[in-house]
Amino acid sequence: MSEAVTTPATVSDGTIDVGGKKFMHDGAGRLVPIEHVKPQHLLEDQTVRKVIGYAQELSDRISRFRGHTFDDVSSFAELLPP
(Lines give C-alpha, C1' and ligand atoms only; values in the text may rest on other atoms or scores of the structure.)
Protein backbone atom coordinates (compact mmCIF):
# COMPACT_ATOMS: atom_id res chain seq x y z
CA MET A 1 0.00 0.00 0.00
CA SER A 2 1.46 3.36 -1.01
CA GLU A 3 1.00 6.52 0.97
CA ALA A 4 -0.04 9.71 -0.78
CA VAL A 5 2.64 12.33 -1.13
CA THR A 6 1.62 15.54 0.61
CA THR A 7 2.97 19.02 0.39
CA PRO A 8 2.97 21.40 3.32
CA ALA A 9 0.33 24.07 3.60
CA THR A 10 1.53 27.53 2.66
CA VAL A 11 3.08 29.22 5.67
CA SER A 12 4.50 32.74 5.73
CA ASP A 13 8.28 33.01 5.48
CA GLY A 14 8.21 35.20 8.60
CA THR A 15 9.67 38.28 6.98
CA ILE A 16 8.17 41.74 6.98
CA ASP A 17 8.99 44.27 4.27
CA VAL A 18 9.55 47.79 5.59
CA GLY A 19 10.68 50.37 3.08
CA GLY A 20 12.17 47.73 0.80
CA LYS A 21 14.15 46.05 3.62
CA LYS A 22 13.28 42.65 5.07
CA PHE A 23 12.90 42.20 8.82
CA MET A 24 12.03 39.33 11.14
CA HIS A 25 10.73 39.34 14.70
CA ASP A 26 13.18 38.15 17.34
CA GLY A 27 12.19 36.20 20.47
CA ALA A 28 11.21 39.42 22.24
CA GLY A 29 9.03 40.57 19.34
CA ARG A 30 11.43 43.24 18.08
CA LEU A 31 11.97 43.70 14.35
CA VAL A 32 15.51 42.75 13.32
CA PRO A 33 16.98 43.34 9.85
CA ILE A 34 17.25 39.95 8.15
CA GLU A 35 20.95 40.46 7.47
CA HIS A 36 21.51 40.53 11.26
CA VAL A 37 19.80 37.15 11.81
CA LYS A 38 22.29 34.29 12.13
CA PRO A 39 22.15 31.71 9.32
CA GLN A 40 21.43 28.88 11.80
CA HIS A 41 18.45 30.86 13.15
CA LEU A 42 17.12 31.40 9.62
CA LEU A 43 17.46 27.66 8.96
CA GLU A 44 15.77 26.84 12.28
CA ASP A 45 12.89 29.20 11.44
CA GLN A 46 12.56 27.72 7.94
CA THR A 47 12.51 24.17 9.34
CA VAL A 48 9.87 25.01 11.96
CA ARG A 49 7.68 26.73 9.37
CA LYS A 50 7.96 23.70 7.05
CA VAL A 51 6.93 21.34 9.87
CA ILE A 52 4.03 23.64 10.79
CA GLY A 53 2.90 23.56 7.16
CA TYR A 54 2.75 19.75 7.23
CA ALA A 55 1.03 19.81 10.63
CA GLN A 56 -1.61 22.26 9.36
CA GLU A 57 -2.31 20.06 6.33
CA LEU A 58 -2.62 17.00 8.59
CA SER A 59 -4.90 18.87 10.99
CA ASP A 60 -7.15 19.87 8.07
CA ARG A 61 -7.33 16.25 6.90
CA ILE A 62 -8.18 15.03 10.41
CA SER A 63 -10.93 17.67 10.69
CA ARG A 64 -12.45 16.53 7.39
CA PHE A 65 -12.22 12.87 8.50
CA ARG A 66 -13.88 13.70 11.83
CA GLY A 67 -16.72 15.55 10.08
CA HIS A 68 -17.33 12.71 7.61
CA THR A 69 -17.20 10.13 10.40
CA PHE A 70 -19.75 11.96 12.56
CA ASP A 71 -22.03 12.39 9.53
CA ASP A 72 -21.77 8.68 8.66
CA VAL A 73 -22.39 7.50 12.22
CA SER A 74 -25.32 9.91 12.59
CA SER A 75 -26.86 8.64 9.33
CA PHE A 76 -26.39 5.07 10.48
CA ALA A 77 -27.96 5.79 13.88
CA GLU A 78 -31.03 7.26 12.18
CA LEU A 79 -31.55 3.95 10.33
CA LEU A 80 -31.65 1.94 13.56
CA PRO A 81 -34.99 1.17 15.18
CA PRO A 82 -35.70 2.91 18.50
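(A) Region of interest: the overall build of the chain. When helices and strands are counted, the chain shows one helix and three strands. Traced from its N-terminal end to its C-terminal end, the chain shows the element sequence β-β-β-α. Across its three principal directions, the C-alpha atoms of the chain cover 70 × 30 × 20 Å. For the chain, the residues scored as buried account for 10% of the 82 residues in total. Total accessible area on the chain stands at roughly 7,100 Å², and carbon and sulfur atoms take up 60% of it.

(B) Representation of the pairing of strand 2 (residues 21-25) within the structure. In this structure, strand 1 (residues 15-18) lies alongside strand 2, joined through four bridges in antiparallel fashion. Bridging across to strand 2, Val 18 finds its partner in Lys 21. Here strand 1 hands over to strand 2 after two residues, with Gly 19 in that stretch at a positive phi of 60 degrees. In terms of strand pairing, strand 2 meets strand 3 (residues 31-33) through three bridges, oriented antiparallel. The residue of strand 3 that forms the bridge with Met 24 is Val 32. The hairpin turn running from strand 2 into strand 3, its antiparallel successor, is five residues long, and Gly 29 in that turn takes a positive phi close to 90 degrees.

(C) Layout of the pattern of salt bridges. Applying the stated criterion to the full structure yields three salt bridges. For Lys 21, the salt bridge is made with Glu 35, and the minimal N-O distance between the two is 3.2 Å. A residue pair is termed long-range when its members are at least 10 positions apart, and Lys 21 in strand 2 and Glu 35 in the loop between strand 3 and helix 1 (39-79) qualify at 14 residues. Here Asp 45 and Arg 49 are joined by a salt bridge, their closest N and O atoms 2.7 Å apart. Of this pair, Asp 45 and Arg 49 both sit in helix 1, separated by four residues, roughly a single helical turn. Classification of Arg 49 as partly exposed rests on a relative accessible area of 24%.

Here is what the cut-offs are and how they apply
- Residues numbered from 1 in each chain as written.
- Predicted model: local features only at pLDDT ≥ 70, side-chain atom pairs only at ≥ 80, totals over all residues.
- Heavy atoms only, no water.
- Helix = DSSP H or I, 4+ residues; strand = E, 2+ residues; numbered from the N terminus.
- Buried < 20%, exposed > 50% of the residue type's maximum accessible area, 1.4 Å probe, protein only.
- Areas by Shrake-Rupley, 256 points an atom, 1.4 Å probe, with all protein chains shown as cover.
- Pairing = 2+ DSSP bridges.
- Salt bridge = Lys/Arg side-chain N within 4 Å of Asp/Glu carboxyl O.

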